[in-house]
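Residues per chain are reported as follows:
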Amino acid sequence: MIADNSLQAVSRRTLLTGGLAAGFVLAFHLPLRAAVNEPEQPKDATDGKFAPNAFIRIDETGRTVLIMPQVEMGQGIYTSISMILAEELDADWAEVAVLHAPPNDQFYANPVFGLQATGGSTSIRAWWEPLRAAGASARAMLVQAAAAQWQVEPASCTTSKGEVMHTASGRSLSYGALALAAVEQSPPKDVPLKDPKDFVYIGQPLKRLDTPDKVNGKAVYGIDAILPGMKFATVAACPVFGGKVGKVDDSAAVKVAGVRKVVVLDDMVAVIGDHMWAAKKGLEALKIEWNKGPHAELTTRDIWQDLRAASEKDGVVAKSVGDIATGLASGDKFEASFELPFLAHASMEPINATVHVRPDACEIWTGTQIMTRVQSEAAKAAGLPVDKVIINNHLLGGGFGRKLEPDMVIAAVKIAKQVDYPVKVVWTREEDIQHDVYRPIYRDQVTASLVDGKVAAWKYKVAGSAVIARWLPSAFEKGIDIDAVDAAVETPYDFPNFHVEYVRAEPPAVPTGFWRGVGPNNNVFAVECAMDELARKAGKDPVEFRRSMLTKSPRALAVLNLAAEKSGWGQPLPPRVGRGICVQP
Amino acid sequence: MSGKMRILASLVMIAIVAVALGIWIIRGPGPLDFAGGTKVALADYRAGKPAGVPAKLEKASLVERGEYLAKAADCMVCHTKPGEKEYSGGLGFKLPFGTLYSTNITPDKDTGIGNYSDQDFLDAVQRGKRHDGARLYPAMPYTSYTYMTDEDVLAVKAYLFSLPAVRAKPPENTLSFPFNQRWAMMFWSAVFNPDTRFTPDTSKSPEWNRGAYLTEALAHCGECHTPRNLGFALDNRKKFAGAITAGWRAFNISSDKATGLGNWRDEDLISYLSLGHAPGHGSASGPMGEAVDHSFSQFAPEDISSIVAYLRSVPPVPSPDLPAGTAPVAPASHKDGVTADARGKKVFAGACVSCHGWSGASPVSPMATLTGTWAVNDPAAINVAQIVLSGTRRHTPDDALSMPAFGNAYTDDEIAAVANYVTARFGTKGSKLTAKDVAELREQTAE
Amino acid sequence: MHMAQTLTINGETKSFNAPPEMPLLWVLRDILGMTGTKFGCGIAQCGACTVHVDGKAVRSCVLPVSAVENRAVTTIEAVGDTPSGAKVQKAWLDLEVIQCGYCQSGQIMAAAALLAETSHPDDSDIDAAMAGNICRCGTYVRIREAIKQAANGRQS
């Protein structure tokens, strides 16, 4: 029996114990008690730990667990957030461990989005101040606890590397020793933050916290979750977007050794087996007839035709400076359009979610960029209240925006609802690519005029899908997708007449979403290609041409100059080697 | 008769003789003429039983016997479009003058062969004549099936009629003029279809006769492995000397020692036919992979042995464009050995080496070993380019081998480069494929 | 058909039931619970599933388990016990090669096999050994540097 050995070697608990012994650790599966924020924090909620806010837990040994409101998908955010918290806390870096935050918008909502999401290069911008305040406030409470014990003024105490010191009397206490006493302290109001010149961690090239377990196979991603009694599933969704499952003949599939169950959903079929291999072979043995739906005959050519037609309409003005009509009326005219294809995210970790639906609760193990949305969508799919959905987030083997969508978890919940054991649903790579939420196709049109070798007027029109309108409707105002025009509006160049328009054009059927650099990956490509073509038209060197228009952006100019210098701009190159330059705001 | 008339009559006679001679020259010998022995009618042959099913199925039902024979004749592969219902047709054969689609041979009355009488079915299989009298194109190998006994053909019919009827109309053929004139096939058929049943050769062993029947009437090996003449019929003067069909090269299976099967051991041939792989000779892929998966792997062991015995007797015909043998294993280091196209090496390093190794001996499966295969030793690199374009998926034995299709991942230029690299590194002589050659190969593959 | 199989993985004997054609990857991950070896593509095109068989880097996602009977399999969990594996892991940490890390089990296994065979690889050796290992975060430049550091024993 396969089932007998399916969990033979390593349970997640042994993985965890092994990891704990290793020093720095990402304590992924520790059951996190209800994370609580001041001032409502119940004193007994953290079992002998100093838990001054939603981000910091210090136990009597001094072990400092920091709770991560943003998810780690390779960008190094667990280390950066820990550095911010540890800096103001004056924590001992060697005692720091990090924990994935549970879903909770009240505590962990990204201030930029108003929900617990990681994306758009917002993490540091959004969390810099709140986390510094959280660290400083916790430090002040530890200082108060020490000062009370020593009967001295808190102001006469200093802190460093997890210790409170009273230099005058030569006394010191570790944060671990103070943890229980600090629980009794009230958080002070308006705690001052450090002067950046006093930073000891921030600005230092500290080693990442997540990498030691990534070189030895111990790091646990969503796809690595292992649960007792777990089975494995893989899926086939309708190959045409919007299509449904018609007839399913599972007579051959159920005969495949190790296949446990075939689950037929509205638009997807799943095979559950003792391992992924059984599930895959079972899926291959299924005979599925699809009702392909209204888009069965839709082609790429049709989709482009629609977008090209839409892009000829006037758009909504996203920004206008000077007088574009007058500006374009004189000088040497330039026109170009840039078409950008659909792109899949193709993160290295294929789409997956492990779900156990029990009568009273639904528990999920996955790696997601959007915790609370996953929780609420899973609740709907499971038919349970939101607070009955437990999510164990994990490291992400790449996110790139794909895991800002909850679709894979919803599907996994629907599959897991059909059985009473936990199911790990893993999509094949083929399915992952075919059923992505793609970077939209865009058509960007640039109309410009050159006077005296410089851009005198610049009109830029973006036509494409409004991902914001679907994903964060509250941010879709006046018909402008702020993401689609992000780096078109925020130009570093000094264009005297400058005009940006946006035309919303949704492709039929194909789902679109955020992808990697988000808006700028579309805008910068078009803007900088146009700049190169304009430089050629003006008969100027591409670097020189850009420099002449970066007069009001000293930082961008400095970056350009440095890049030109480091790349040996103007120096000859070996055969079949090219060199180009672009400026991204 | 006046003098003028006499001259005219002579001219007509000369023309007729010339045409007959021309036909005789073009048509050449029949597939079994090389054997040369005394032929007897099947009914009069007592030494063995060349036709029908193997002994273990002697007592099986008509439908079961028909199933064995239908698999032996490999009907399913051509009459099934990948992903669609078996035998429901619609597979496209790309020809230089348009695309021909296989027909639905399930018993559906409107779109299949549900209305075929026994005689209709015999006419189609043995004579290339459709139920409505129209002529079949010789993509349907009726010039081979014509050697099948009526009993065997009708067993196949019984099997097909036992299958569920599938309503599926294949697309219309897109052949250009004059090839879209089906009636013209009547003349082709008159010249090239012998319309005759198998006759055993008393000078040969019963095993040979069984092998001849299986090879010629059922498995129709010559349809891919024998070159074609001017009339697009098999040229048995070069029997089994190899040919290009549907964009793949079917290699020489005559008994030529250098370029054919002359140096293969019996066990290698048996293994290749029944498993699609023989150590040192590589694996079947493309159309031969399908033939193994759906046909040869289903043969009774004694039938495979009979085919081997028969193949051994086919006279050697060398393939002058192939080297006199396959290259040995390549060096283990990427730095040693022939380094051809640097771009080809780059593609190979990224996409191929993890399964095929730098030496050509696969670290994953002997079935993925390149050393010893004719594909990498063919200076035209046709099958190398084809397998890179379309991949392969082999089912015998269970999930034996699968290679992804790279046709949509790489440009024609890159595929040409990697094919040239592979043939230079693992073969005897590197190919010189161009992007244009690859584009042409893409056009020829059946779909 | 499920069959009893015995493998030697990281020096330990493991017994389990699996169909002979089942790729080693799924035996490791789904039967033995050794999740350090990653699933990325299932068709030997990304390298995430790389393990060592008799010291050579092999893609476990296409390697039938029946093909590794009586051969020594080493996975990322134990590659640090080999001299080249330990050097590679150290260089990886010294140079902070890793971002999301999902491909890195495979990168490290490929690099360790390379160094075991070629103690001082040049760029073309690195290309030849590493081209089939894909990193979606784009850590290739640091991977190359770390391999060279592991070979030379330099400190960063």
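Residues numbered from 1 in each chain as written. Chains lettered and ligands numbered in written order. Predicted model: local features only at pLDDT ≥ 70, side-chain atom pairs only at ≥ 80, totals over all residues.

1. Quick notes on the overall build of chain C
Broken down by element type, chain C carries five helices and five strands. Shown N-terminal to C-terminal, the secondary structure of chain C runs as helices and strands in the order β-β-α-β-β-β-α-α-α-α. For chain C, the spread of C-alpha atoms along the principal axes amounts to about 50 × 30 × 25 Å. Across the 156 residues that make up chain C, the buried fraction comes to 61%. (Helix = DSSP H or I, 4+ residues; strand = E, 2+ residues; numbered from the N terminus. Buried ≥ 20, exposed ≤ 12 C-beta atoms within 10 Å, placed from the backbone.)

2. A short note on the overall build of chain A
Counting its regular elements, chain A contains 17 helices and 20 strands. Considering only C-alpha atoms, chain A reaches an extent of 80 × 75 × 50 Å along its principal axes. Here the contacts in chain A between residues at least 6 apart in sequence split such that 74% fall between residues at least 24 apart. (Contact = placed C-beta atoms within 7 Å.)

3. Things to note about the pairing of strand S19 (residues 454–464) of chain A
All names here are of chain A. Of all 11 residues making up S19, nine are buried, and the element is well covered by its neighbours. As defined by bridge partners, strand S18 (residues 442–451) adjoins S19 across 10 bridges and the pair is classed as antiparallel. Bridging across to S19, aspartate 444 finds its partner in valine 462. Sheet analysis places S19 next to strand S20 (residues 497–504), joined by eight bridges and oriented parallel. Residue pairing across strands places lysine 459 opposite histidine 499, the latter belonging to S20. (Pairing = 2+ DSSP bridges.)

4. Some points on the interface of chain A and chain C
Listed per partner, the contact involves 42 residues of chain A and 39 residues of chain C. Secondary structure elements with two or more residues in the side of chain A that touches chain C: helix H1 (2–5) and helix H7 (276–285) of chain A.

5. Examining the domain arrangement of chain C
All names here are of chain C. Taken as a whole, chain C is organised into domain 1 (3–74) and domain 2 (79–152). The C-alpha-based centres of domain 1 and domain 2 are spaced at 21 Å. Facing 15 residues of domain 1, the contacting portion of domain 2 comprises 13 residues. Only strand S3 (50–53) and strand S4 (56–59) provide two or more residues apiece to the side of domain 1 that touches domain 2. A total of three residues in the side of domain 1 that touches domain 2 trace back to one element, the largest contributor, which is S3. For the side of domain 1 that touches domain 2, the residue count by class is five nonpolar, eight polar and two charged. (Domains from an automatic or database assignment. Nonpolar A, V, L, I, M, F, W, Y, C, P; charged D, E, K, R; others polar.)

6. Overview of helix H5 (residues 140–152) of chain C
Residues and elements named next belong to chain C. For H5, which comprises 13 residues, the first-to-last C-alpha distance of 19 Å matches the rise-based estimate of 18 Å (1.5 Å per residue) to within 8%. All of the buried residues along H5 are Ile143, Ala146, Ile147, Gln149, Ala150 and Ala151. Of the residues one or two after H5, glycine 153 is the one with positive phi, at around 70 degrees. (Expected span 1.5 Å × (residues − 1).)

7. Considerations on the sheet that holds strand S1 (residues 56–58) of chain A
All names here are of chain A. Spatial ordering of the open sheet is given by S1-S2-S3, a layout of three strands whose pairing is mixed. Bordering the open sheet on either side are S1 and strand S3 (96–100), each of which pairs with just one other strand. Direction aside, neighbouring strands of the sheet carry axes that sit 25 degrees apart on average. By the bridge criterion, five bridges tie strand S2 (residues 64–68) to S3 in an arrangement that is parallel. Its bridge partner lying in S3, methionine 68 is registered against histidine 100. (Axes fitted to C-alpha atoms, helices over the stretch in contact; angles between N-to-C directions.)

8. Focus: the arrangement of the chains
Comparison of the two pairs of chains in contact shows the highest number of contacts for chains A and C. At no point do chain A and chain B touch; the closest pair of C-alpha atoms across them sits 9 Å apart.

9. Quick word on the pairing of S18(A)
All names here are of chain A. Taken across its 10 residues, S18 has eight buried, putting it largely inside the fold. Pairing of strand S13 (residues 332–340) with S18 involves nine bridges; the strand directions are antiparallel. Within the sheet, the bridge partner assigned to aspartate 332 lies in S18 and is leucine 450. From the end of S18 to the start of S19, which pair antiparallel, there are two residues, and aspartate 452 there has a positive phi angle of about 55 degrees.

10. Here we look at the domain arrangement of chain A
Residues and elements named next belong to chain A. Considered domain by domain, chain A is made up of domain 1 (12–212), domain 2 (222–292 + 346–434) and domain 3 (300–343 + 438–566). Here domain 2 and domain 3 have C-alpha centroids that lie 39 Å from each other. Every contact between the two is made by six residues of domain 2 and, on the other side, eight residues of domain 3. Looking at the side of domain 2 that touches domain 3 residue by residue, the classes come out as three nonpolar, two polar and one charged.

11. A look at the sheet that holds S19(A)
Residue and element names in this part refer to chain A. One open sheet holds the five strands; their spatial order is S12-S20-S19-S18-S13, and the pairing between them is mixed. Two strands lie at the open edges of the sheet, namely strand S12 (316–321) and S13, each paired on one side alone. Pairwise comparison of adjacent strand axes, ignoring direction, gives a mean angle of 10 degrees for this sheet.

12. Concerning the interface of chain B and chain C
Facing 14 residues of chain B, the contacting portion of chain C comprises 17 residues. Within the side of chain B that touches chain C, the residues separate by chemical class into seven nonpolar, four polar and three charged.

13. So, the packing of helix H5 (residues 123–150) of chain A against helix H6 (residues 175–183) of chain A
Residue and element names in this part refer to chain A. The interhelical angle for the contact between H5 and H6, taken along N-to-C directions, is 90 degrees, at an axis separation of 9 Å. When the interaxial angle is binned, H5 and H6 end up roughly perpendicular. Taking contact as the criterion, the partners of Met141, Leu142, Ala145, Ala146 and Gln149 in H5 are, on H6, Tyr175, Leu178, Ala181 and Ala182. Across the contact of H5 with H6, the residue classes tally to eight nonpolar, one polar and no charged. (Parallel < 35°, antiparallel > 145°, perpendicular 65-115°, else oblique.)

14. Comments concerning the packing of helix H3 (residues 77–89) of chain A against H5(A)
To describe two helices that pack against each other, one gives the angle between their axes and the distance between the axes. Residues and elements named next belong to chain A. Viewed as axis vectors pointing N to C, H3 and H5 meet at an angle of 35 degrees, and their least axial separation amounts to 7 Å. For the element pair H3 and H5, the recorded crossing hand is right-handed. Together, Ile77, Ser80, Ile81, Ile84, Leu85, Ala86, Glu87, Glu88 and Leu89 of H3 and Ser123, Ile124, Trp127, Trp128, Leu131, Arg132, Ala134, Gly135, Ala136, Ala138 and Arg139 of H5 make up the contact between the two elements. Taken together, the residues that form the contact of H3 with H5 break down as 13 nonpolar, three polar and four charged. (Left-handed = near helix turned anticlockwise from the far one by under 90°.)

15. Examining the confidence of the model for chain A
Mean pLDDT for chain A: 91, with 92% of residues reaching 70 or above. Note that residues 1–45 of chain A has pLDDT below 50 and, in this model, 80 contacts with residues that lie over four places away or in other chains. (pLDDT = per-residue confidence, 0-100.)

16. What about the confidence of the model for chain C?
Interpretation of this model should avoid reading the predicted coordinates in detail wherever pLDDT is low. Averaged over every residue, the pLDDT of chain C is 94; the share at 70 or more is 97%. Among the prediction metrics, the complex's ipTM stands at 0.96, with pTM recorded as 0.90.

17. What about helix H1 (residues 24–31) of chain C?
Among the eight residues in H1(C), eight count as buried, and that is most of the element. All buried positions along H1(C) are accounted for by Leu24(C), Leu25(C), Trp26(C), Val27(C), Leu28(C), Arg29(C), Asp30(C) and Ile31(C).

18. Things to note about unusual backbone geometry
With omega at 5 degrees, the peptide bond leading from Phe177(B) into Pro178(B) counts as cis. Within the element layout of this structure, Pro178(B) appears in the loop between helix H6 (150–161) and helix H7 (185–192).

19. Quick word on the environment of Ala291(B)
Residue and element names in this part refer to chain B. Among the secondary structure elements, alanine 291 is positioned in helix H11 (residues 286–294). Residues alanine 291 and lysine 257, spaced 34 residues apart in sequence, show a C-alpha to C-alpha distance of 24 Å. Setting aside residues no more than four positions away along its own chain, alanine 291 makes contact with Asp74 and Phe296.

20. Side note on the environment of Pro320(B)
Secondary-structure assignment places Pro320(B) in the loop between helix H12 (301–313) and helix H13 (342–356). Residues Pro320(B) and Thr259(B), 61 residues apart in the sequence, show an inter-C-alpha distance of 8.4 Å.

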